[in-house]
Amino acid sequence: MKPAKEYIIFPLDVPAMEMARPYIESLSGHVGMFKVGLELFVREGHRIIETIHEKGGTDIFLDLKLHDIPTTVQRAMRVISEFGVRFATVHCGESRKMLEAAVQGSQGKTGILGVTVLTSVNSADIASAGFQKEYSDDIRKLVMKRATMAKEAGCAGIVCSGHEAMHVKQAFGEPFLAVTPGIRPSWETPGKDDQQRVMTPGQAIQNGSDYLVIGRPIRDAADPAEAAQRIAQEIAESLPASDPKES
Ligand code: C5P
């Protein structure tokens, strides 16, 4: 099993390269992966990926949440797969064909993660979008249905809350990855920001999450590298005793 810090994905949720660079400098070696999202990628494009690669030692998760006709998704994923990124996202959406196209486009070089249901979406949204009542009454059913599509299409895993991770691991087995945002370390005051249904790193690991997306608790800390180390320590303490408790 991987060292504790490798569980941490730090999202570079900043608008430009000059703001991302200090985090790349200070957190390389303290987190396992940098997540590049739409805001930063739209401004900086491939340059940001190169900058992270130049620093070395930290994987990249390109979180662009693609959603288009299968051919377009396949062609975009083919380009992404040349970037040398570990993971990239695609919406599970309505079509397994789109997910299969993403996997095909990735050429086995980049792991495809399916986005099941955004956490910003609630039951009323699902109902008004025309879904059957069984899904609007219990969004987790829709998450699991879409996770099944992702699994069958050959995706590496899905993005899901820590609350869903256990169900995902039970249903699809160990190799299918659960990547979990909404993590707040045990020392932080609950309800400090907009994340709902949060979990501590330890709880998420115990539920089977394979990677934890942890942004603000690291970004807003006086010393981000020290915050990442403390979180890695919290993760290490939750791993089974046989695991190497490196941080
Ligand atoms: O830890 P923090 O709340 O700051 O993390 C925010 C990051 O997690 C953002 O990059 C956001 O895209 C990502 N995310 C999320 N909720 C989801 C999926 C991803 O907050 N359901």
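Note that the structure is predicted; figures quoted are calculated from it, not measured. (Residues numbered from 1 in each chain as written. Predicted model: local features only at pLDDT ≥ 70, side-chain atom pairs only at ≥ 80, totals over all residues. Heavy atoms only, no water.)

Here we look at the overall build of the chain
Helix and strand counts for the chain stand at 12 helices and 8 strands. For the chain, the C-alpha radius of gyration of 18 Å lies close to 18 Å, the compact-globule estimate for 247 residues. For the chain, the C-alpha atoms occupy an extent of roughly 45 × 35 × 35 Å along the three principal directions. Residues classed as buried in the chain amount to 51% of the 247 residues present. A separation threshold of at least 6 residues defines the contact pool for the chain, and within that pool the share at least 24 residues apart is 66%. For the chain, the accessible area works out to roughly 11500 Å², and carbon and sulfur atoms hold 49% of it. (Helix = DSSP H or I, 4+ residues; strand = E, 2+ residues; numbered from the N terminus. Rg over C-alpha atoms; globule rule 2.2 N^0.38 Å. Buried < 20%, exposed > 50% of the residue type's maximum accessible area, 1.4 Å probe, protein only. Contact = heavy atoms within 4.5 Å. Areas by Shrake-Rupley, 256 points an atom, 1.4 Å probe, with all protein chains shown as cover.)

Comments concerning the side chain of Ser 28
Topologically, Ser 28 is positioned in the loop between helix H1 (17-27) and strand E2 (33-37). Within the structure, the side chain of Ser 28 is placed 2.6 Å from the backbone oxygen of Ile 24, a separation counted as a polar contact. Setting aside its immediate chain neighbours within four residues, Ser 28 contacts Tyr 23, Phe 34, Lys 55, Gly 56 and Thr 58. (Polar contact = N/O pair within 3.5 Å; in protein donor to acceptor, adjacent residues only side chain to side chain.)

Observations concerning helix H8 (residues 139-153)
Taking 1.5 Å per residue as the helical rise, H8 with its 15 residues ought to reach 21 Å, and the 21 Å between its terminal C-alpha atoms agrees with that figure. Of the positions making up H8, those classed as buried are Leu 142, Val 143, Met 144, Arg 146, Ala 147, Met 149, Ala 150 and Ala 153. Packing partners of the buried residues in H8 comprise helix H5 (96-106), helix H6 (123-128), helix H7 (133-137), strand E6 (157-159) and helix H9 (162-172). Looking one or two places after H8, you find Gly 154, whose phi comes out positive at around 95°. (Expected span 1.5 Å × (residues − 1).)

A few points about the packing of H8 against H9
Contact pair H8 / H9: the axes reach a minimum separation of 11 Å and the direction vectors enclose 40°. Classified by the angle between their axes, H8 and H9 sit oblique to one another. In this structure, H8 crosses over H9, and the sense of that crossing is right-handed. For the pair formed by H8 and H9, the contact residues are Arg 140, Val 143, Met 144, Ala 147, Thr 148 and Lys 151 on the first element and Glu 164, His 167, Val 168, Ala 171 and Phe 172 on the second. (Axes fitted to C-alpha atoms, helices over the stretch in contact; angles between N-to-C directions. Parallel < 35°, antiparallel > 145°, perpendicular 65-115°, else oblique. Left-handed = near helix turned anticlockwise from the far one by under 90°.)

Structural notes on the packing of aromatic side chains
Here the distance between the centres and the angle between the planes together describe a pair of aromatic rings. Overall, the coordinates contain 6 aromatic pairs when judged by the stated rule. On the basis of an interplanar angle of 70° and a centroid distance of 5.5 Å, the ring pair of Phe 87 and Tyr 211 is categorised as edge-to-face. Here Phe 87, found in strand E4 (residues 87-91), pairs with Tyr 211, found in strand E8 (residues 211-213); they are 124 residues apart in sequence, far enough to count as distant. With relative accessibility at 5%, the residue Tyr 211 sits in the buried group. Three or more aromatic residues link up through ring pairs in this structure, and these residues are Phe 10, Tyr 23 and Phe 34. For the cation-ring pair, Lys 2 lies above Tyr 7, with the distance from its terminal atom to the ring centre recorded as 4.1 Å. Above the face of the Tyr 211 ring, Lys 2 is positioned so that its terminal group lies 4.2 Å from the ring centre. (Phe/Tyr/Trp six-rings, centres within 6.5 Å; stacked < 30°, edge-to-face > 60°. Lys NZ or Arg CZ within 6 Å of the ring centre and 35° of its normal.)

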